[in-house]
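# Survey of secondary and tertiary structure
Okay, here's what each chain looks like letter by letter:
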Amino acid sequence: MEQAFTRPFGRRRWAILRGYEVLVAIPVVGLLAAELFRAPGQFTKDGRLLAVLVWVAALALVNLIPVPIGTAFDLRLSFPLQVSVALLYPPPVACLIALLGSFDIREIRRELPPATAVFLRAAAAMAVLAESRVIHGFADVDDPLLALAPTVLVAAIVGYTITTIFVAQWDALSSGAGVDAIFRRMRTGILGEFVVSYVG
């Protein structure tokens, strides 16, 4: 796993990889900055700030448990929590929780370049943002289960797809392998069980 972050790169590949990471991260960070400036109260009203901090801590803790799938990144058991955050909070708040809570132990160990660490967090935040927009665009947390469940399922699939695409593209740029080969590798092993159990 660590070879993915320590292997020597040609200058062109290194620049493309870092450019990709920044390209993913900037819109997420920019959106949150704009929302914090536009409506800071949405992050703090009705005691929400404490709840946000609790969810961030919960995501960070669960993210310490990796699910290896044989790529440069591991899936995390936080996926169900991310969907829960998307369900409970409006998109900007859910996005902030995911950005702060997508903790990776390799950040502390300095095994991740800073740009890669920010990219990982931004990819997770973008997925949760999309999930929250789907859920709150078509349902409400107080809706009957039969009406809410299909919307949450669609949102989970959207978020999972976004994460998979970002990770596969990063791995392809990092390794030089084709994206199709990366997707095939991600479909093997325990990935199917992960999808069935946690989306369920």
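For the structure, see preceding data.
The structure reproduced in this document is the subject of the present report.

### Structural notes on the overall build of the protein chain
In terms of helices and strands, the protein chain carries ten helices and two strands. Listed by position from the N terminus, the elements making up the protein chain come as α-α-α-β-β-α-α-α-α-α-α-α. A buried classification covers 45% of the 200 residues belonging to the protein chain. A separation of at least 24 residues holds for 72% of the contacts in the protein chain among residues at least 6 apart in sequence. Of the roughly 10,300 Å² of accessible surface on the protein chain, a fraction of 68% belongs to carbon and sulfur atoms.

### Focus: the pattern of salt bridges
Applying the stated criterion across every chain, the model contains four salt bridges. Here Arg 38 makes a salt bridge to Glu 35, at a shortest N to O gap of 2.7 Å. Within this pair, Arg 38 and its partner Glu 35 are both found in helix 2 (residues 11-38), separated by three residues, close to a single helical turn.

### Quick notes on the side chain of Glu 21
Looking at the element boundaries, Glu 21 is found in helix 2. Look past the residues within four positions of Glu 21 in its chain and what remains in contact with it is Ala 115, Thr 116, Phe 119 and Trp 170.

### Focus: helix 5 (residues 91-101)
Residues that lie three or four places apart on an α-helix share one face, since the helix turns once every 3.6 residues. Across the eleven residues that make up helix 5, a large majority, ten, are buried. Among all positions of helix 5, only Pro 91, Pro 92, Val 93, Ala 94, Cys 95, Leu 96, Ile 97, Ala 98, Leu 99 and Gly 101 are buried. Structurally, helix 5 contributes buried residues whose contacts are with helix 2, helix 3 (48-62), helix 4 (79-88) and helix 7 (114-138).

### Focus on the environment of Ile 157
Along the chain, Ile 157 falls in helix 8 (residues 145-175). With 26 residues separating them in the primary sequence, Ile 157 and Glu 131 have C-alpha atoms 8.4 Å apart.

### Focus: the nonpolar core
Formed by 43 residues in total, the largest nonpolar core has its most connected members in Val 28, Val 85, Tyr 89, Ile 97 and Phe 119. Elements that contribute at least two residues to this core include exactly helix 2, helix 3, helix 4, helix 5, helix 7 and helix 8. Here this core gets ten residues from one element, more than from any other, and that element is helix 7. Among residues more than four places away in sequence, those in contact with Tyr 89 are Arg 48, Ala 51, Trp 55, Ala 94, Ile 97, Ser 132 and His 136.

### Focus: helix 2
Its 28 residues give helix 2 an end-to-end C-alpha distance of 40 Å, which sits within 8% of 40 Å, the value for a rise of 1.5 Å per residue. Taken as a whole, helix 2 carries its principal kink of about 25° at Ala 25; the proline Pro 27 stands between one and four residues after it. Among the residues of helix 2, those classed as buried are Leu 17, Arg 18, Tyr 20, Glu 21, Val 24, Ala 25, Val 28, Leu 32 and Glu 35. Lining the buried residues of helix 2 we find helix 5, helix 7 and helix 8.

### Re unusual backbone geometry
The phi torsion at Asp 46 lies on the positive side, around 55°, for a residue other than glycine. Following the sequence through the fold, Asp 46 ends up in the loop between helix 2 and helix 3. Positioned with a positive phi, Arg 110 is a non-glycine residue whose angle comes to about 60°. Among the structural elements, Arg 110 can be located in the loop between helix 6 (105-108) and helix 7.

### Points about the packing of aromatic side chains
Summed over the entire model, instances satisfying the criterion amount to one aromatic pair. When the ring of Tyr 20 is compared with that of Phe 119, the centres are 5.5 Å apart and the planes differ by 50°; the resulting orientation is tilted. Of this pair, Tyr 20 sits in helix 2 while Phe 119 sits in helix 7, placing them 99 residues apart in sequence. Its relative accessible area of 13% is what places Tyr 20 among the buried residues. Judged by relative accessible area, which is 1%, Phe 119 ranks as buried.

About the cut-offs
Residues numbered from 1 in each chain as written. Predicted model: local features only at pLDDT ≥ 70, side-chain atom pairs only at ≥ 80, totals over all residues. Heavy atoms only, no water. Helix = DSSP H or I, 4+ residues; strand = E, 2+ residues; numbered from the N terminus. Buried < 20%, exposed > 50% of the residue type's maximum accessible area, 1.4 Å probe, protein only. Contact = heavy atoms within 4.5 Å. Areas by Shrake-Rupley, 256 points an atom, 1.4 Å probe, with all protein chains shown as cover. Salt bridge = Lys/Arg side-chain N within 4 Å of Asp/Glu carboxyl O. Core = buried A, V, L, I, M, F, W, Y, C linked by side-chain atoms within 4.5 Å. Expected span 1.5 Å × (residues − 1). Bend = angle between axes of the 7 residues up to and from the residue. Phe/Tyr/Trp six-rings, centres within 6.5 Å; stacked < 30°, edge-to-face > 60°.

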